[in-house]
Amino acid sequence: MNKYVLTIKDPNKNNAGPKAKEDVLYFLKDEGFLPLPLSLKLDPEDRSLGAKLRKIYDVKVKIPRVFKKLKADVVVLQYPIYSTYLTNNIIKVIRSYTDAKLYLVIHDVETLRLFKDDQTFSKNEITVFNDVDGIIDHNRKMHAWLNEQGVTTPCIDLEIFDYYNPTELREEYNYDRSLVFAGNLAKSKFLTSKEFEKLAFKLELFGPSPAEKYAENINFFFFYPNQNF
């Protein structure tokens, strides 16, 4: 059986988003799936004419080129890829050029995350979910929500995302009264509170978009790139 996981370059390579997708790829490769790379420049903020023309070229030329000669029985697509237009057309191309079963691994439901009040987007997203053969969702609550919204595609609950970490586990640690915080610092404005000056431990920050100034007992260490496999 020819099994593939479609891998698409993520524009947000310095945040936590790609880590989960890279881990899914890592574990699927361990199950015999082959990576199917698709290089697309994805920038949700770029609404220029050049970006629109690039998407048309991707849909008409680049994406069909990948699937025209592909003999696939199963294709896994990690959702979302931050472009409804590209998502819809990737599905159409897979259906047009292969007989593969197409499955989605959902990382985020964009209707819940960014488009709560956008009925048009919500309707289009549900259509995407109904255009595939199976869905791996997060848990029973997401499963129930998808059913309530009219998703009829069979779904199975992942329940918990595994986390690949090749670092050897240590049984003992010497506590030096420090704490590490890792994440998108632009979303962590609370770290600039003067209350942190009263803390009797060191706080070490890792992540993009730091504030201009933190308390003296807070040290910023920038970020480490996600591990590539």
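Here, every reference points to the structure presented above.
For clarity, every value in this text was computed on a predicted model and none was experimentally measured.

A. Highlighting the sheet that holds strand β7 (residues 178-182). Judged by pairing direction, the sheet is parallel, and its three strands sit side by side in the order β7-β8-β9 without closing on themselves. In the strand order of this sheet, the two ends are held by β7 and β9 (218-220), each with one partner. Across the sheet, the mean angle from the axis of one strand to that of its neighbour is 20 degrees, orientation sign disregarded. Inspection of the sheet shows strand β8 (residues 202-206) paired to β9 by three bridges, in the parallel sense. Looking at the pairing, L203 lines up with I218 of β9.

B. Representation of helix α5 (residues 119-130). Between its first and last C-alpha, α5 extends 17 Å over 12 residues, near the 16 Å set by a 1.5 Å rise per residue. Contacts from the buried residues of α5 go to β3 (74-79), α3 (84-97), β4 (101-106), α4 (110-113), β5 (134-137) and α6 (140-148). Capping of α5 at its N-terminal end is provided by D118; its side-chain oxygen lies 3.2 Å from the backbone amide nitrogen of T120.

C. Representation of the sheet that holds β5. The six strands are arranged β2-β1-β3-β4-β5-β6 in an open sheet whose pairing can be described as parallel. Looking at the sheet topology across the chains shown, the edges are occupied by β2 (34-38) and β6 (155-157). Adjacent strand axes in the sheet meet at a mean angle of 25 degrees when their direction is disregarded. Where strand β1 (residues 3-8) and β3 come together, four bridges link them in parallel fashion. Bridge pairing links L6 to L77 in β3. Lying over the sheet, helix α2 (residues 49-67) contacts β1 and β2, oriented at roughly 165 degrees with respect to β2. In the packing of α6 onto the sheet, contacts are made with β4, β5 and β6, and the angle to β6 comes to roughly 160 degrees.

What counts, and at which threshold
Residues numbered from 1 in each chain as written. Predicted model: local features only at pLDDT ≥ 70, side-chain atom pairs only at ≥ 80, totals over all residues. Heavy atoms only, no water. Pairing = 2+ DSSP bridges. Helix = DSSP H or I, 4+ residues; strand = E, 2+ residues; numbered from the N terminus. Axes fitted to C-alpha atoms, helices over the stretch in contact; angles between N-to-C directions. Expected span 1.5 Å × (residues − 1). Contact = heavy atoms within 4.5 Å. Polar contact = N/O pair within 3.5 Å; in protein donor to acceptor, adjacent residues only side chain to side chain.

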